[in-house]
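Survey of secondary and tertiary structure
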Amino acid sequence: MNDAEEMMAGFDRRCREAGLKQTPQRREIYRQMLHCENHPSIEEVYRQVRCMLPHISLDTVYRTLATFERHGIVSQARLFGDRTRYDARTAPHYHFICRECGRVIDVFPDDLDRPEPLPDNRELGMVESCHMEFRGLCRDCLDNS
Ligand SMILES: [Zn+2]
Ligand SMILES: [Zn+2]
């Protein structure tokens, strides 16, 4: 199974667990999200989905993504200073954003030499999430400069 098939199988499983009815529209929206790769905005997902389902509305895509998010099937990639983008990866990870081409690359804590754990500090209170973002030049842009 390749990555996309594996993600689709995961989608099927999570829909079942969440008791979420699978419709051709929902499958297509998720599938296109995977194809977009680069943490698409709602509008980008909509543009892609419309190629396959010409009659779908932006509102449907919007509501479907919100439903997916509620069930933990997608997450919002909160990129600093950017509009809402969606992420098909729900496992905790960070983002590396290329300032040249705007590409967003997923960075998993295991990939880092020194993964930053959540601070376990009583004085702070209870930390529930952590946002870390890397910016710079991606490999391609570096090689082409
Ligand atoms: Zn780049
Ligand atoms: Zn991501």
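Described below are features of the structure shown in this document. Keep in mind the model is a prediction, meaning the values are calculated, not measured.

Quick look at the overall build of the protein chain now. A tally of regular secondary structure across the protein chain gives five helices and five strands. The linear arrangement of helices and strands in the protein chain, starting from the amino end, is α-α-α-α-β-β-β-β-β-α. Put simply, the protein chain has 145 residues, and 15% of those count as buried. Across the protein chain, contacts joining residues at least 24 apart in sequence account for 50% of those joining residues at least 6 apart.

All right, on to the nonpolar core then. By size, the foremost hydrophobic cluster in this structure holds 16 residues, and its most contacted members are Ile29, Met33, Val45, Val61, Leu65, Val74 and Tyr86. Listed by contribution, the elements that provide at least two residues to this core are helix 2 (24-36), helix 3 (42-52) and helix 4 (58-70). Setting aside anything within four residues of it in sequence, one finds Leu65 in contact with Ile42, Val45, Val74 and Tyr86.

Here is what the cut-offs are and how they apply
Residues numbered from 1 in each chain as written. Chains lettered and ligands numbered in written order. Predicted model: local features only at pLDDT ≥ 70, side-chain atom pairs only at ≥ 80, totals over all residues. Helix = DSSP H or I, 4+ residues; strand = E, 2+ residues; numbered from the N terminus. Buried ≥ 20, exposed ≤ 12 C-beta atoms within 10 Å, placed from the backbone. Contact = placed C-beta atoms within 7 Å. Core = buried A, V, L, I, M, F, W, Y, C linked by C-beta atoms within 7 Å.

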